[in-house]
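# Chain and residue survey
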Amino acid sequence: MIFEKIQLEANEEILSVIRRHWFYVFKQCVFIALLVFLPLLGLLSFLVFVPQSNSVGVLASYAPHIVFLYAFWLLINVMLLASIWTDYYLDIWCITNRRIIKIDQVSLFNRETGSFRLERMQDVNVEINGILATFLDYGTIHVQTASADLEEFKATYLPRPQEIKSQILKAADDRMEPKSL
Amino acid sequence: MPNADILFSTGLHGLFYMATLIYTLFTTFTAYHWFTYGSSKKTSTLSLGIYLFVSAPLFIAMAAALSFL
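All of the points below concern the structure found in this document. In this text the structure is predicted, and so the values were computed from the model without any measurement. (Residues numbered from 1 in each chain as written. Chains lettered and ligands numbered in written order. Predicted model: local features only at pLDDT ≥ 70, side-chain atom pairs only at ≥ 80, totals over all residues. Heavy atoms only, no water.)

## Looking at the sheet that holds strand β6 (residues 138–145) of chain A
All names here are of chain A. On the basis of which strands lie adjacent, the open sheet formed by three strands has the order β5-β6-β7 and antiparallel pairing. The open sheet is flanked by β5 (121–127) and β7 (152–159), the only strands paired with a single partner. In this sheet, adjacent strand axes meet at a mean angle of 15° when their direction is disregarded. (Pairing = 2+ DSSP bridges. Helix = DSSP H or I, 4+ residues; strand = E, 2+ residues; numbered from the N terminus. Axes fitted to C-alpha atoms, helices over the stretch in contact; angles between N-to-C directions.)

As structure tokens, this is what we get:
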């Protein structure tokens, strides 16, 4: 599993593992639900717009074809749902007492992993944009780093972004403390 | 018209085999990702179980519909 693959350093502890807010998945599921009902809408409009005597007979003669094609359509939607779940399940932000690790499953064969040390963190910004984001408490976190190759870490649809920001800042402060002594 | 029906029926059979192949490959790759990069074995197993449980009736429906063609 993933935590065996992330090679933690000596005395490094995972403080929290964060996934996107449930609304991110819900939004995409609503779209899939609409896709599921789309062919049924087509059949219904066929029944409405074609004269009654013809339409039912035509549909009945092609019933196995319709069942097959609808089951095929549903299978595509199930696979789309599996892709949405994969994206949600495998995208994680892992905050440790030394660094932040970001794992982004872009597509099935495209996976991006990045991390930066808390000492290199310069600024953390939270962006909560919109009514839903405000009420459901999700938002975008931007972390500015001093890293040469990666200047900004950005994650969208994170739940409780203010809490995450506080946690990152606390972890960074704790990390800096021994040096200043 | 009978020729068109035969063509349609053959096309659906082809679609069924193609769907089975794509589904098998997709499921294999997805399950691999869930079990390799997932954070919990229990969640990955449950996800795969639900996914297979939902897809199985669809394959049965497709196979049953083909037998009536």
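## Section: the side chain of Gln 105 of chain A
Residues and elements named next belong to chain A. Looking at where Gln 105 falls in the secondary structure, it is placed in strand β3 (residues 99–107). At 2.9 Å, the side chain of Gln 105 and the backbone oxygen of Ser 107 are in polar contact. A polar side-chain atom of Gln 105 sits 3.4 Å from the main-chain carbonyl oxygen of Leu 108. (Polar contact = N/O pair within 3.5 Å; in protein donor to acceptor, adjacent residues only side chain to side chain.)

## Quick look at the packing of aromatic side chains
Residue and element names in this part refer to chain B. Across all of its chains, the model carries 20 aromatic pairs over all chains by this definition. On the numbers, 6.2 Å between centres and 70° between planes, the contact of Phe 16 with Phe 59 is edge-to-face. Placement of the pair is Phe 16 in helix α1 (residues 2–37) and Phe 59 in helix α2 (residues 41–67), with a sequence separation of 43 residues. Relative accessible area serves as the criterion here: at 15%, Phe 16 is assigned to the buried category. Phe 59 sits in the buried class, given a relative accessible area of 15%. Consider the rings of Trp 34 and Tyr 51, whose centres lie 6.2 Å apart with planes at 85°: the pair is edge-to-face. One end of the pair, Trp 34, is in helix α1; the other, Tyr 51, is in helix α2, with 17 residues separating them in the sequence. (Phe/Tyr/Trp six-rings, centres within 6.5 Å; stacked < 30°, edge-to-face > 60°. Buried < 20%, exposed > 50% of the residue type's maximum accessible area, 1.4 Å probe, protein only.)

## Side note on the nonpolar core
Ranked by size, the top nonpolar core spans 32 residues in total, and within it Phe 68 and Leu 75 of chain A together with Tyr 51 and Met 62 of chain B carry the most contacts. Sorting the residues of this core by element identifies α4 (63–90), β2 (92–96) and β3 of chain A together with α1 and α2 of chain B as the ones contributing at least two each. It is α4 of chain A that provides the largest number of residues to this core, a total of nine residues. Ignoring sequence-local partners within four residues, the contact set of Met 62 of chain B consists of Phe 68, Ala 71, Phe 72 and Leu 75 of chain A together with Phe 16 of chain B. Counting residues in hydrophobic clusters, the runner-up holds 17 residues, among them Ile 100, Val 124, Ile 141 and Val 143 of chain A. (Core = buried A, V, L, I, M, F, W, Y, C linked by side-chain atoms within 4.5 Å. Contact = heavy atoms within 4.5 Å.)

## Observations concerning the side chain of Asn 77 of chain A
One can find Asn 77 of chain A in helix α4. Among all residues touching Asn 77 of chain A, those that are not within four sequence positions of it are Ile 32, Leu 35 and Val 36 of chain A.

Without other data, these values stay purely geometric and don't point to any function.
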